Amino acid sequence: MVTAGFPQLPRTSSLGGATLLAALLSACVAHSAGKPAGATAAPGAVSAVGTERQRVVRNLPPIMRLPPPAADDAVGIHKIRHIIIIMQENRSFDEYFGTFPGADGIPMKDGIPTVCAPNPDTGVCDSPYHNSADMNFGGPHGSKYARMDVDGGKMDGFLRSLKQSEQRVCVNSNLPNCSMIGRLPDVMGWHDAREIPNYWTYAKNFVLQDHMFESVSSWSEPAHLYMVSAWSAACKDAHDPMSCKTDIDDLPWGLKPDDEEYAWTDVTYLLHKHHVSWAYYLSEGMQPDCADGEVRCVSKHQNLQVPSIWNPLPNFTTVHDDDETANVKVLDKYFEAANAGKLPAVSWIIPNEAVSEHGPSSIHAGQAYVTRLINAAMQGPEWSSTAIFLAWDDWGGFYDHVMPPVVDGQGYGLRVPAMVISPYARQGYIDHQTLSFDAYLKFIEDDFIGSERLDPKTDGRPDPRPTVREDVSVLGDLSRDFDFSQSPRQSLILVPDAEPGPASMPDPVLPPQPSHKKPLARGAGVAGG
């Protein structure tokens, strides 16, 4: 007997809990689509049924959502049981991979760049060039400088924004904290395997994403807020999510970053609700960025007790309400967990100044640090079920030639380097999809919490965010970077202090450049922004 309006379950001699829920889900999807349970969809209806299945899953109450299968029974995305997000600092895609074969890199003809940026000091247009220096300074990278750099899509404002920032920060070249720039400012420089051999090795063996954009068109604090919550806002009441309003650059009401309280909903709220483990590993030491997106400032200490622009989670109301502040841990705990096979489902790893690659920190030291992080995961017992997402939080003022897509007025920001490293990652693959850090949240939600989103209409904790970022139409799907039909690939252990690799192309012989009409001062010996 079938109750009118209720889907009929397929007959079976015995239904266990998971099987029963799977049958119920299948029946619900079929019923919603107007088909009897077990009916075969027409070829053209496959995608529609898949979409309907996802809709039904997302609208089930939490108790009716299927738990993630055990690793040995998992299929597709659920073979990934551990997601590690390694977020470095302040590099553009063209700076690190602008000459990588097959990538959307620096436009060239016969090995000579066909793009340039006007230099306000020389009156000429400076082209990208190979920069062998281990320490780079970069340029300013707040929201107003992003607009200057993009210049309405011309992508030629990098030297003008650098000039404006330097004039304000360092107006007297005779001061002891200033030094002289050479004839080519380093915002136009690019590197290859000679300077970053391990990064190029990872890119050649795993997945390089050449259209990963910073989620927000601004500096590092908003970028890190988007990384964990898909929004950056200022809130008048720490206990009222509806008191928040979008803020992607300026600190609200004269507050310092440590004084801010974030009342809106972040992804740890959803993870906690679904009993999914997480940790935020912080390298204690000096924080790598200025607290205003400028180029120069005095370095500030970051630690677990003092929330900083790189460590925002202790300032989220949800983390306190869920009693999960202890999930913010020192980096040593990551190495211990990786070695013992006790990694949480979701990990974020944040650097300190010395290993951040944020100008003027050493890119060699940063690469060595990241290599050790990746080696630890690969050498641990959970490598076969791990995905590592490696990215840089913003462009750092460095040149990039691709205009960012416009999403909800706050993003996207400029392109940054990004890779997927996993035993299931496609080998030697370049992903040309449009991506942002929102794709990391989408992958986490699809893998662990039944595709529930940070959506004020459904997540049970509404806030006035302008967009459900995980569902914007332009955003690609990270699952396409994996081949879950293949056997897990072996680890690729690299030497952290790697020898330089080969040149990606011969260095072009450029015509002589005119000297600066007047010297351009540059701060030295203090933290970059």
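1. Overview of the layout of surface pockets
- Its volume calculated, the second largest pocket comes out at about 230 Å³.
- The wall of the second largest pocket is formed by 16 residues, among which Arg147, Ser217, Gly409, Gly411 and Tyr412 lie closest to the centre.
- Counted by class, the lining of the second largest pocket contains 9 nonpolar, 6 polar and 1 charged residues.

2. Topic: the state of the cysteines
- One pass over the full model with this rule turns up 2 disulfides.
- The disulfide that involves cysteine 116 links it to cysteine 125, with 2.1 Å between the sulfurs. Judged by the sign of its S-S torsion, about 90 degrees, the cystine formed by cysteine 116 and cysteine 125 is right-handed.
- Classification of cysteine 116 by relative accessible area gives partly exposed; the value is 28%.

3. Quick look at helix α6 (residues 197–205)
- Looking at α6, one finds that the buried residues are Pro197, Asn198, Tyr199, Trp200, Tyr202 and Ala203.
- Taken together, the buried residues of α6 touch β1 (82–88), α3 (93–97), β9 (207–209), α11 (363–379), β19 (386–392) and β20 (418–421).

4. Some remarks on the environment of serine 422
- Relative to the helices and strands, serine 422 resides in the loop between β20 and β21 (429–431).
- In this structure serine 422 comes out as buried when scored by relative accessible area, which is 0%.
- Of note is the side chain of serine 422, whose polar atom sits 2.8 Å from the backbone oxygen of threonine 386.

5. Examining the packing of aromatic side chains
- Inspection of every chain in the model, using the stated rule, returns 23 aromatic pairs.
- Each ring, one from tyrosine 96 and one from tryptophan 392, has its centre 5.5 Å from the other, and the planes form 85 degrees; the classification is edge-to-face. Placement of tyrosine 96 in helix α3 and of tryptophan 392 in strand β19 is noted, with a sequence separation of 296 residues between them.
- On the basis of relative accessible area, tyrosine 96 is assigned to the buried category, the value being 0%.
- A relative accessible area of 0% places tryptophan 392 in the buried class.
- Residues tyrosine 424 and phenylalanine 484 carry aromatic rings whose centres are separated by 5.6 Å and whose planes lie at 45 degrees to one another, so their mutual orientation is tilted. You can see tyrosine 424 sitting in the loop between β20 and β21 and its partner phenylalanine 484 sitting in the loop between α12 (438–448) and β23 (521–523), a full 60 residues away along the chain.
- For tyrosine 424, a relative accessible area of 7% translates into the label buried.

6. A closer look at the sheet that holds strand β13 (residues 278–282)
- Taking strand neighbours across the sheet as the criterion, the 8 strands line up as β17-β13-β18-β1-β19-β20-β9-β21 in an open arrangement whose pairing is mixed. Only two strands of the sheet have a single neighbouring strand rather than two, namely β17 (328–330) and β21. Strand-to-strand twist in this sheet, taken as the mean axis angle between neighbours without regard to direction, amounts to 20 degrees.
- Sheet topology places β19 next to β20; 4 bridges connect them, and they run antiparallel.

7. Overview of the confidence of the model for the chain
- On average, residues of the chain score 81 in pLDDT, and 72% of them are at 70 or above.
- Every residue in residues 1–58 is under pLDDT 50, and counting partners more than four places away or in other chains gives 46 contacts.
- The low-confidence segment residues 60–67, where pLDDT is below 50, has 15 contacts with residues more than four positions distant or belonging to other chains.

8. Description of the environment of phenylalanine 335
- The topology assignment puts phenylalanine 335 in helix α10 (residues 331–340).
- Through-space distance from the C-alpha of phenylalanine 335 to that of tyrosine 281 is 9.9 Å; in sequence the pair is 54 residues apart.
- Not counting the four nearest positions on each side in its chain, phenylalanine 335 is found in contact with Arg372, Leu373 and Ala376.

Parameters at a glance
- Residues numbered from 1 in each chain as written.
- Predicted model: local features only at pLDDT ≥ 70, side-chain atom pairs only at ≥ 80, totals over all residues.
- Heavy atoms only, no water.
- 1 Å grid on protein atoms, 1.4 Å probe; cavity = no way out; pocket = protein on both sides within 12 Å on 5 of 7 lines; lining within 4 Å.
- Points joined across faces, edges and corners; volume = space filled by probe spheres on them.
- Nonpolar A, V, L, I, M, F, W, Y, C, P; charged D, E, K, R; others polar.
- Disulfide = S-S within 2.5 Å.
- Buried < 20%, exposed > 50% of the residue type's maximum accessible area, 1.4 Å probe, protein only.
- Helix = DSSP H or I, 4+ residues; strand = E, 2+ residues; numbered from the N terminus.
- Contact = heavy atoms within 4.5 Å.
- Polar contact = N/O pair within 3.5 Å; in protein donor to acceptor, adjacent residues only side chain to side chain.
- Phe/Tyr/Trp six-rings, centres within 6.5 Å; stacked < 30°, edge-to-face > 60°.
- Pairing = 2+ DSSP bridges.
- Axes fitted to C-alpha atoms, helices over the stretch in contact; angles between N-to-C directions.
- pLDDT = per-residue confidence, 0-100.

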